[in-house]
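# Architecture at a glance
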Amino acid sequence: MEFSDYVTLLTCLISISAYGFIKSRKTENEEQSVHATMVGSRVSVWSATLSVCSGFISSISLLGFPAEIYYQGGMMLWFAPMYVISFPIVAFVFLPVLYRLKLTTIYEYFERRFDYKCRFVTTSLFCVQMILYNSVALYAPSLAIASITNIPITVSILITAVLSAFYISVGGVKAGIHTSAIQMLLIFLTMTFIISISLREMSIHDVYTSVVHGKRFILNDFRINPTIRHSVWSLLIGGTGNILALFAANQLSIQRYMAMDTLKSAQKVVLLNIVCNTIILVSYVSVGFLIYAHYKDCHPQIGNANELLPRFVMDVTSKYPGSVGLFAAAVYSAGISTLSASFTAVSSIVINDVWKVYRERRKMAPLRNDQVQNAMRILPIVLSFISIFVAFLCSMLQSIILQVSFIVFGAGGGPVLGSFVVGLFVPRVKEKAALVGLIGSIIVCFSISIGSVLVKVKPVALELGQCSNQTLTYFDESFIGAVTSTPLVFGLERIFAISYQYYSIIAVVTNVALSIVMQKLFELCSLTANHLPVSHELVSPLLTYSSSKRDPELEAHRTQRDTLA
Ligand SMILES: O=C(O)CCCC[C@@H]1SC[C@@H]2NC(=O)N[C@@H]21
């Protein structure tokens, strides 16, 4: 990186920090309640939309998606129709319940619907999931920065962690929401810049011809084999599961929705995310295709697939002063916005679902505002130390970070989503059965995730170009989904080879099925009396609506009961 790049990088980062700081100072006295400290309040729809969008667009997506397209082709574009299916489900199926119950964290729901044990297991799972995710999210920008500067990756990891903890401890959630909105705009700007600079050296027609010739213009893999990594089905069905796990059952998103004044504005935020996520997805695909077209005659030899985009930016845009710095700022801020948001989410969970509940159960005095505010400043710092440690471990792995994070969300978020679905749609299931369903789905998902490492899937070697005899071996292991490893007992290798996109759906199906079966069993053994009805506000309005249609008397009774209450 040149001097001008360092100036651009620092200017962007300092301006974003200053903006977050000023915004948070301005509103410091506005929000003193425990609720506001943890979820923020009165944020505009656009700020919240951009911040929800940026919540899960860290450097992992920024580096991972274009590399994925470059190595495997454009199938990921099927995420766009998948967003059109999944985000409305979040907005109209899950959000109304969260709003009706005025929850600060989603885990409160599990206690109200089931019991404290269910809340405890889902809370712990969330913390483990986010600590793993944070570590990958910390490693990704550090890797990018290390590959375009002389800064060693270890130093880069430390700087990123300190900056994210700083954002939150200085400004609280509100600063996080405002800075992440600005950071999202910076990401859009940078992607547009990379695309326009690249299109100066090749025409759209050249790019199209190259990707068609290089078999990257793949959009029509309709095979139903679940071991195919990216088929239309794995991306539509499995992708929907992933989006629901991320945007309906993850506190990182929920805390942003709950910062909206009304359900309607929160729903708008979720629906606008279809637009934001589609725009950014189209930019990943365009950049992936541009990278392929640029290197079609001589592909770069890089140590790690995630270094592909930084290398391309260095090769193509470095003649424009400050452009590499702009890219570095976007990658860094993508990382920082996600990290700061997830540090806040985990801190808020530890306070609300562990500390507060512990005191309540011990009949101790409720937490004071100043205690909550101090904890919200200190906890992000503690969490960043833990993440730094795990990120150092990540730097020893040579894994594909995008896939790793989807596995973490699938195995960690899928079971929680499953319990949410059981809670909302299967009123018959009570706490004991729900807990077995939850733990069963965690065991299944973790086993598949760990097992997937054991299975070697047939690699596809692709011609790289005329400049050497290299062959392309990244990312393509499960391209055709043919399992070639030694068969395991009971044909387990087929299960372990299932596309990582399906992990959330597998978790949901396992959780729901197991909960229903166990409930039946418990009822048969009379372990759980099934007489007590579940409060109607804890089940999906869709269910109460349809049951009231069938049973108007029941609904009349409920209305009367609610009026009295
Ligand atoms: O980038 C990350 O931190 C992890 C990967 C998350 C992928 C999801 S898919 C929907 C949303 N849009 C993106 O561009 N990335 C996230």
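Remember, predicted model here, so these are calculated numbers, not experimental data. Here the residue numbers are simple positions, counted from 1 along each chain's written sequence. At least 70 in pLDDT is required for a residue's local features to be given in this predicted model, at least 80 for side-chain atom pairs to be given and counted, and no such filter applies to totals for whole chains, interfaces and linings, which use all residues. Only hydrogens and water are set aside when side-chain values are computed; all heavy atoms of the structure are taken into account.

Across its full length, the chain carries 21 helices and 2 strands. Counting only residues that meet the buried cut, the chain has 59% of its 565 residues in that class. We get accessible surface area from the Shrake-Rupley algorithm with a probe of 1.4 Å; when it comes to residues, only the shown protein chains can shield them. Entry remark: accessible area of the chain is about 23,000 Å², with carbon and sulfur atoms responsible for 68%. Each helix corresponds to a stretch of at least 4 residues labelled H or I by DSSP, and each strand to a stretch of at least 2 residues labelled E; elements are numbered beginning at the N terminus. Exposure is judged per residue with a 1.4 Å probe applied to protein chains only, and the accessible area is read against the type maximum: over 50% gives exposed, under 20% gives buried, and values in between give partly exposed.

Moving on, we get to the site of the ligand. Close to the ligand lie 16 residues, the nearest being S58, S61, Y133, N277 and Y284. Note that an oxygen atom of the ligand is positioned 3.1 Å from one of the backbone N or O atoms of F56. Under this definition, polar contacts are N or O atom pairs within 3.5 Å; protein pairs additionally need one hydrogen-donor-capable and one acceptor-capable atom, and for neighbouring residues in sequence, both atoms have to be side-chain atoms. Residue N277 places a side-chain N or O atom 2.7 Å away from a nitrogen atom belonging to the ligand. Considered on its own, the ligand offers 400 Å² of accessible surface; in the complex 100% of this is hidden by protein. Put plainly, a pocket is an open set of points on a 1 Å grid over the protein atoms alone with protein on both sides within 12 Å along at least five of seven lines, a cavity is a set where a 1.4 Å probe fits but cannot get out, and a lining residue has an atom within 4 Å of a point. Criterion for pocket placement: a molecule counts as inside a cavity or pocket if more than half of its atoms are within 2 Å of its grid points. Spatially, the ligand is embedded in the largest cavity. Proximity criterion: a residue is near a molecule or strand once any of its heavy atoms comes within 4 Å of it.

The length a helix should cover is 1.5 Å for every residue beyond the first. Helix length check: helix α19 (residues 503–524), at 22 residues, gives a terminal C-alpha distance of 31 Å against a target of 32 Å (1.5 Å per residue), a fit within 8%. Among all positions of α19, only Y503, S504, I506, A507, V508, T510, N511, V512, S515, M518, Q519 and F522 are buried.

Next up on the list: the packing of aromatic side chains. Pairs of aromatic rings are described using the distance from one ring centre to the other and the angle between the two planes. The rule is short: rings of Phe, Tyr and Trp, with Trp giving its six-membered ring, pair when the centres are within 6.5 Å, and they are stacked under 30 degrees, edge-to-face over 60, tilted in between. Counted according to the given criterion, the structure contains 25 aromatic pairs. Geometrically, the ring pair formed by Y208 and F217 is edge-to-face, given 5.2 Å between the ring centres and 80° between the ring planes. Look at NZ for Lys and CZ for Arg. If either is within 6 Å of the ring centre and within 35 degrees of the ring normal, a charge sits over the ring. When the ring centre of Y116 is taken as origin, the NZ or CZ atom of R361, which lies over that ring, is 4.1 Å away.

Proximity of charged atoms lets side chains of opposite charge pair with each other. Salt bridges, as used here, are contacts in which a Lys or Arg side-chain nitrogen is within 4 Å of a carboxyl oxygen on Asp or Glu. Per the stated rule, a full pass over the model turns up 7 salt bridges. As a salt-bridge pair, R428 and E523 come within 2.7 Å of each other at their nearest N and O atoms. Of the two residues, R428 sits in the loop between α16 (401–425) and α17 (431–454) while E523 sits in helix α19, which places them 95 residues apart along the sequence.

Right, let's get into the confidence of the model for the chain. Summing up the model confidence of the chain, the mean pLDDT is 82 and the portion of residues at 70 or higher is 82%. As a per-residue quantity, pLDDT reports the predictor's confidence and falls between 0 and 100. At the level of individual helices and strands, the chain shows its lowest average pLDDT in helix α2 (residues 34–39), which scores 46, and its highest in helix α10 (residues 232–247), which scores 96. Whether two residues touch is decided by their heavy atoms; if any such pair falls within 4.5 Å, the residues are in contact. Between residues 31–40, whose pLDDT stays under 50, and residues either more than four places distant or in other chains, the model counts 35 contacts. When the criterion is pLDDT under 50, residues 473–485 qualifies, and its contacts beyond four places in sequence or with other chains add up to 51 contacts. Reported for the predicted complex are a pTM of 0.87 and an ipTM of 0.99.

Attention shifts here to a nonpolar patch on the surface. Any residue with relative accessible area above 30% and no salt bridge may belong to a patch, with like charges joined within 9 Å and the nonpolar Val, Leu, Ile, Met, Phe, Trp and Tyr side chains within 5 Å. A surface patch of nonpolar side chains, about 270 Å² in accessible area, is lined by Y208, V212 and F217. Inspection of the secondary structure assignment puts F217 in the loop between α9 (204–213) and α10. Residue F217 is classed as partly exposed on the basis of its relative accessible area, which comes to 37%.

For the rest of this paragraph, the subject is the nonpolar core. Formed by 163 residues in total, the largest nonpolar core has its most connected members in F79, F94, Y109, F110, F247, Y257 and F420. Nine residue types can take part in a nonpolar core, namely buried Ala, Val, Leu, Ile, Met, Phe, Trp, Tyr and Cys, and a core is a set of them joined through side-chain atoms within 4.5 Å. Ranked by size, the runner-up nonpolar core spans 5 residues in total, among them I351, L367, V372 and M376.

Moving on, we come to the environment of G414. Within the secondary structure, G414 sits in helix α16. Separated by 28 residues in sequence, G414 and I442 have C-alpha atoms that sit 8.3 Å apart. Not counting the four nearest positions on each side in its chain, G414 is found in contact with A245, F409, S504, A507 and V508.

Grid points are joined across faces, edges and corners, and a volume is the space filled by probe spheres set on the points. Applying the stated rule across the entire model yields 2 cavities of 30 Å³ or more. In this structure, the largest cavity spans a volume of roughly 240 Å³. Along its surface, the largest cavity is lined by 21 residues, and F56, S61, F65, L246 and F406 are the ones closest to its centre. Put simply, the parts of the chain that give the lining of the largest cavity at least two residues each are α4 (59–72), α5 (79–101), α10, α12 (263–294) and α16. Top element by residues in the lining of the largest cavity is α16. It accounts for 4 residues.

Another point: the packing of helix α6 (residues 106–113) against α16. Axis definition: a line fitted to C-alpha atoms, over the contacting stretch in the case of helices. Angles run 0 to 180 degrees between N-to-C directions. Contact geometry for α6 and α16: axes closest at 11 Å, N-to-C directions at 45°. As summarised for this structure, α6 and α16 are arranged oblique, according to the angle between their axes. Handedness of the α6/α16 crossing: left-handed. Between α6 and α16, the contacting residues are I106, Y107, Y109, F110 and R113 on the first element and V416, S419, F420, V422, G423 and L424 on the second. Residues were grouped as follows: Ala, Val, Leu, Ile, Met, Phe, Trp, Tyr, Cys and Pro as nonpolar; Asp, Glu, Lys and Arg as charged; and all remaining residues, including Gly, as polar. Class assignment of the residues belonging to the contact of α6 with α16 gives a composition of 8 nonpolar, 2 polar and 1 charged. Orientation labels follow simple angle bins: below 35 degrees gives roughly parallel, above 145 gives roughly antiparallel, 65 to 115 gives roughly perpendicular, and whatever is left gives oblique. For a crossing to be left-handed, the near helix must be turned anticlockwise from the far one by less than a right angle; the clockwise case is right-handed.

Attention shifts here to unusual backbone geometry. Keep in mind that most residues, glycine aside, have a negative phi and that most peptide bonds are trans. Of note, the phi angle at K102 is positive, near 50°, even though the residue is not glycine. Examined against the element boundaries, K102 turns out to sit in the loop between α5 and α6. According to the relative accessible area criterion, K102 is exposed, its value standing at 66%. Although it is not a glycine, K215 sits at a positive phi angle of roughly 55°. Within the fold, K215 resides in the loop between α9 and α10.

Glancing now at α9. Among the residues making up α9, those that are buried are V207, S210 and V211. One face of α9 carries all of its buried residues, which in axial projection span an arc of 90°. Exposed residues lying more than 90 degrees from the buried face of α9 are H205 and H213. At its buried positions, α9 is contacted by α12. K215 occupies a position one or two residues after α9 and carries a positive phi of about 55°. Here the arc refers to the set of directions running from the helix axis out to each C-beta atom.

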